[in-house]
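# A look at the structure
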Amino acid sequence: MLKKTAINKISELAAVLMEKGTLIAPVKEVSGHNFAQILDPQKVDLDFYNTIMSPKSAFFPHKEDFINYKVGKPISEAEPVVLNLKPMFLFGVRPCDVKSFQIMDIHFNAAGIIDPYWRQRREATTIFGYAFDLSKSVDSADFYNTLGIYAADPDGSDIFMVKKDNELLLKGITLQGKKLLSELTTIENGKAADKKYFEEYIKKGRDYKTRFMCLDQETITKKLEDIFHNTDFWTRVSSACLSCGVCTFVCPTCYCFDICDDTQFGRGTRRRVWDACMFTDFTLEASGHNPRTQVYQRLRQKINHKYSYHVRKYGVISCVGCGRCTRYCPVSIDIYSIIEEAIKT
Amino acid sequence: MAFEPKILGIACNWCTYTGADLAGTTRLLYPQNLRVVRVMCSSRINPSFIFRAFQLGADGVFVGGCHPGDCHYNTGNLYARRRLAVTKKILEFAGLEPGRFRVEWISASEGNKFAEVVQEFTAQIKNLGPQTKLKIQK
Amino acid sequence: MADFKKIEENLKKEAKRLLEAGEVTVVLAYSKGFDEKHPMPYAAKSVADIKNIVFNEYCNHNMARYLVRYPQGTKIAVAVKAADSRAVIQLIQEEKVKRENLVLLGIPVYGMKNSKTGEVIDSKTTSGLCNPVLYDILLGAEVHGQKIVSPYEVLAEYEAMDKDARWEFWKNQLDKCIRCYACRKACPMCYCDPCFIDQSKPRWADKAPQSPGNMMYHLTRFHHLAGRCIDCGECSRACPVDIPLYLFHKKVAKECEEMFGQAAGMKLEDKPVLVDFRVEDSDKILE
């Protein structure tokens, strides 16, 4: 099933989706685009390259309240926070970011303990993937090709969207997506020419090149294991690192968090907040000992986690090459160059 | 019900706090809106105390110390004067009403002044109304 | 625009000389990043590293930030632009580094650009000086005849605002904060370990990126940098969500200059204003 709508009528589609549930889509902010819950359909803006923050916050918010409690009362009186989700529509997600959800599913929805918050949100959500605009030049920080992802990869999306001049073509990919699309009666059906355009666009997406290197999982994993103790290498690549949390916070596949209690005047909330392995206090133990006091140790941990430990444990690299960490790093540290250098070492 | 502000008073042990004692023993009347915390010296006050007080619902913050030159530790209040002046400018540029933060030098013998300052400050805060900007919303 | 190629050549030449002669063990400068517009801070430790050094209009990073990372006593050469040299002076005043361990490679420059937006940063987001305040070796001709704009000029618009409008402005800006702490990490003056916000006893603010904690973090940071901020603007450029932190820092710097008659990082013999006092300071500053 293929449908289409004019780009300048996107607010009408947004309004329909808002009636059906919660719509999360890119909006223009002062510094760039970001995903946000849409309250005014006019705000949806698809004229973006990629958002600053990754869409992971739709399923794994920066701050998630778990329970509200009163000091001095038994735990049985604490009130758990119930999600009460309406159907969610995550609109305009780039193919590399769509892939990130599959990696995050490993941690929150498959291996070991299942996270009910992630799962409920994930199950309630229909993902509208959105191909990169092939007529525009690629950002020099991106390298999703290296991770086997293409600019117009419908894999993982429920509905995949492609821009055709002033129109937006929507195609149902999964059953859930097809069903939703058939319910969207206000937008017109695509013609045969549109179908052809869509298929060709997906194919053309394979020729839209980001930075690329031949990255064999086994080789890179082994290599990183070999150079773990090569302090010279790690000190060199981290000499500029400020050890801030930008890279982890904008990353679509970083999932570390901290559980915090926020108590005031006898009432409190226990919540989960994003944490970053680049923070000094990330590994600080209650005894006062900190196993990772040096910047190079923290950067090494970050890169090893994504490209080595994660492969050993779950069989995939925990990176989708969206280029955000490189783009927003205050000192332009480039994970791609580090991996490239590591292979050569 | 009329608005009764919550005012935090941070007073130095040697002058203002003793001054407050004197105001009490001389049976001077002053509003009960002031909650006094005693510190050893006005320079012990971390500016974060003041920000935090506003966040936790103070409608005004008053700081009292020894007169310059009178400090029990010789120079503590001279440092405090500079520091608290900066605090005041920061609160002002952030957009908080300037009248909500006040610093006064009150010596141990100035029970009268203490009572007067508290009366005046409380009236001023009542005039300004509840502080909602920095206060953490529940 | 300044002659960037010439500066780069001189930078390489001096770095080579200093490393060869063993006068320093590390040269803090810039190297190529993933593209032209994104140079990186770089620590050249041997003559072989020198070929990587670059200098162009995007080399905004304040290299003084990295000085405190090396053990006391390390001989370091550091490339400094105007604001960066002030940071070095401030760090010397605060006894974090010693003058005799440093070789300052001064870079007189104007027309530096923000790599995110491409706009020229002179005087708007940085101190408006072109020539380093302190240096041992100057890597280019001193800049003269540039239009002098007060670094505080950008503040006029915000000072004129009504207090409620200003509150709205700052609340909206600081609500954007994601608490990645890039501002404090990019800041040459933020070297506390642990930072007050990382302390758990007392816990000054909530860890979650929401209004009260953000406010506490930023207001306190503005205060901690009072009279110490040398106006390099790195905090604002490091910010992934573009909070104009430089405005608040400039305002506090301006007030400190007016009240105490001294700008941060201008003279080696000065003391930072908040660890200093004068008996004749006026009580008027408290009004």
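Treat the numbers as computed from the prediction; the structure is a model and nothing was measured.

### Quick word on the overall build of chain A
Looking only at helices and strands, one finds 11 helices and 12 strands in chain A. For chain A, the C-alpha radius of gyration of 22 Å lies close to 20 Å, the compact-globule estimate for 345 residues. Counting only C-alpha atoms and orienting by the principal axes, one finds that chain A spans roughly 65 × 60 × 35 Å. A buried classification covers 44% of the 345 residues belonging to chain A. Nonlocal contacts in chain A, meaning residues at least 24 apart in sequence, comprise 71% of its contacts between residues at least 6 apart.

### Some remarks on the overall build of chain B
Within chain B one finds 4 helices and 4 strands. Beginning at the N terminus, the succession of helices and strands in chain B can be written as β-α-β-α-β-α-β-α. What you see for chain B is a C-alpha radius of gyration of 14 Å, in line with the 14 Å of a compact globule of 138 residues. A principal-axis box enclosing the C-alpha atoms of chain B has dimensions of 40 × 35 × 20 Å.

### Comments concerning the packing of helix 3 (residues 76–94) of chain B against helix 8 (residues 245–260) of chain C
To characterise two packed helices, one gives the angle between the axes of the helices and the distance between these axes. The N-to-C vectors of helix 3 of chain B and helix 8 of chain C enclose an angle of 140 degrees; their axes lie 10 Å apart at closest approach. On the basis of their axis angle, the class for helix 3 of chain B and helix 8 of chain C is oblique. Of the two elements, helix 3 of chain B crosses helix 8 of chain C, and the hand of that crossing is right-handed. Two secondary-structure elements touch here, helix 3 of chain B through Arg82, Ala85, Val86, Lys89, Ile90 and Phe93 of chain B and helix 8 of chain C through Phe248, Lys251, Val252, Glu255, Cys256, Met259 and Phe260 of chain C. For the contact of helix 3 of chain B with helix 8 of chain C, the per-class residue count stands at 9 nonpolar, no polar and 4 charged.

### Some remarks on the domain arrangement of chain A
All names here are of chain A. One can read the domain layout of chain A as domain 1 (2–54 + 83–207) and domain 2 (217–344). Each of domain 1 and domain 2 was reduced to a C-alpha centroid, and the two centroids are 28 Å apart. The partner domain 2 presents 19 residues to the 21 residues of domain 1 that form the contact. In terms of residue class, the side of domain 1 that touches domain 2 is made up of 12 nonpolar, 5 polar and 4 charged.

### Some points on the pairing of strand 9 (residues 167–172) of chain A
All names here are of chain A. Within strand 9, 5 of the 6 residues are buried, which leaves it mostly tucked inside the rest of the structure. Two elements, strand 8 (residues 159–164) and strand 9, share 6 bridges in a ladder whose sense is antiparallel. For Lys164, the partnering residue across the bridge sits in strand 9 and is Glu167. Taking the residues between adjacent antiparallel strands as the criterion, strand 8 and strand 9 are bridged by 2 residues, where Asp165 takes a positive phi near 50 degrees.

### Digging into the interface of chain C and chain A
Chain C puts 27 residues into the contact, and the matching count from chain A is 31 residues. Elements represented by at least two residues in the side of chain C that touches chain A include exactly strand 2 (40–44), helix 5 (182–186) and helix 7 (234–238) of chain C. Looking at the side of chain C that touches chain A, the element that brings in the most residues is strand 2 of chain C, giving 4 residues. A per-class count over the side of chain C that touches chain A returns 16 nonpolar, 4 polar and 7 charged.

### What about helix 8 of chain C?
Along its 16 residues, helix 8 of chain C runs 22 Å from first to last C-alpha, staying within 8% of the 22 Å computed at 1.5 Å per residue. Across the 16 residues of helix 8 of chain C, 13 count as buried, placing the element largely inside the fold.

### Some remarks on the sheet that holds strand 2 (residues 34–39) of chain B
Residue and element names in this part refer to chain B. Read from one edge to the other, the open sheet built from 4 strands follows the order 2-1-3-4, with strand pairing classed as parallel. A single partner strand is all that each edge strand has here, and the edge strands are strand 2 and strand 4 (101–105). Sheet twist, expressed as the average angle between the axes of neighbouring strands with direction ignored, equals 20 degrees. As defined by bridge partners, strand 3 (residues 60–65) adjoins strand 4 across 5 bridges and the pair is classed as parallel. Residue pairing across strands places Val61 opposite Phe101, the latter belonging to strand 4. Its contacts with the sheet place helix 1 (residues 16–25) against strand 1 (7–12), strand 2 and strand 3, and it is angled at close to 110 degrees to strand 1.

### Examining the pairing of strand 12 (residues 267–274) of chain A
Residues and elements named next belong to chain A. The pairing of strand 4 (residues 63–70) with strand 12 spans 7 bridges and is classified as antiparallel. In the sheet register, Ile67 faces strand 12, and the bridge partner there is Arg270. Pairing geometry for strand 11 (residues 257–264) and strand 12, over 8 bridges, is antiparallel. If you follow Asp262 over to strand 12, its bridge partner there is Thr269.

Conventions we followed
Residue indices begin from 1 for each chain and proceed along its sequence in written order. All chains are assigned letters beginning at A, and all ligands numbers beginning at 1, according to the order in which they are written. At least 70 in pLDDT is required for a residue's local features to be given in this predicted model, at least 80 for side-chain atom pairs to be given and counted, and no such filter applies to totals for whole chains, interfaces and linings, which use all residues. Secondary structure elements follow DSSP: runs of H or I of four or more residues count as helices, runs of E of two or more count as strands, with numbering from the N terminus. Radius of gyration: C-alpha atoms only; globule rule: 2.2 Å multiplied by the number of residues to the exponent 0.38. Put plainly, a residue is buried at 20 or more neighbouring C-beta atoms within 10 Å of its own, exposed at 12 or fewer, and partly exposed in between, counting only other residues' C-beta atoms, which are placed from the backbone. Working definition of a contact: two residues with C-beta atoms, positioned from the backbone, lying within 7 Å. Lines fitted to the C-alpha atoms define the axes, with helices restricted to the stretch that makes contact. Angles between their N-to-C directions range from 0 to 180 degrees. Any angle that falls under 35 degrees is termed roughly parallel, while one over 145 is termed roughly antiparallel, one within 65 to 115 roughly perpendicular, and all others oblique. Handedness of a helix crossing follows the sense of rotation of the near helix relative to the far helix, less than a right angle counterclockwise being left-handed and clockwise being right-handed. Classes in brief: Ala, Val, Leu, Ile, Met, Phe, Trp, Tyr, Cys and Pro nonpolar; Asp, Glu, Lys and Arg charged; the others, Gly included, polar. Note that the domain bounds reflect an automated or database-derived domain assignment. Pairing between strands is defined by DSSP: at least two bridges between the two strands are required. Each helix should span, by expectation, one fewer than its residue count multiplied by 1.5 Å.

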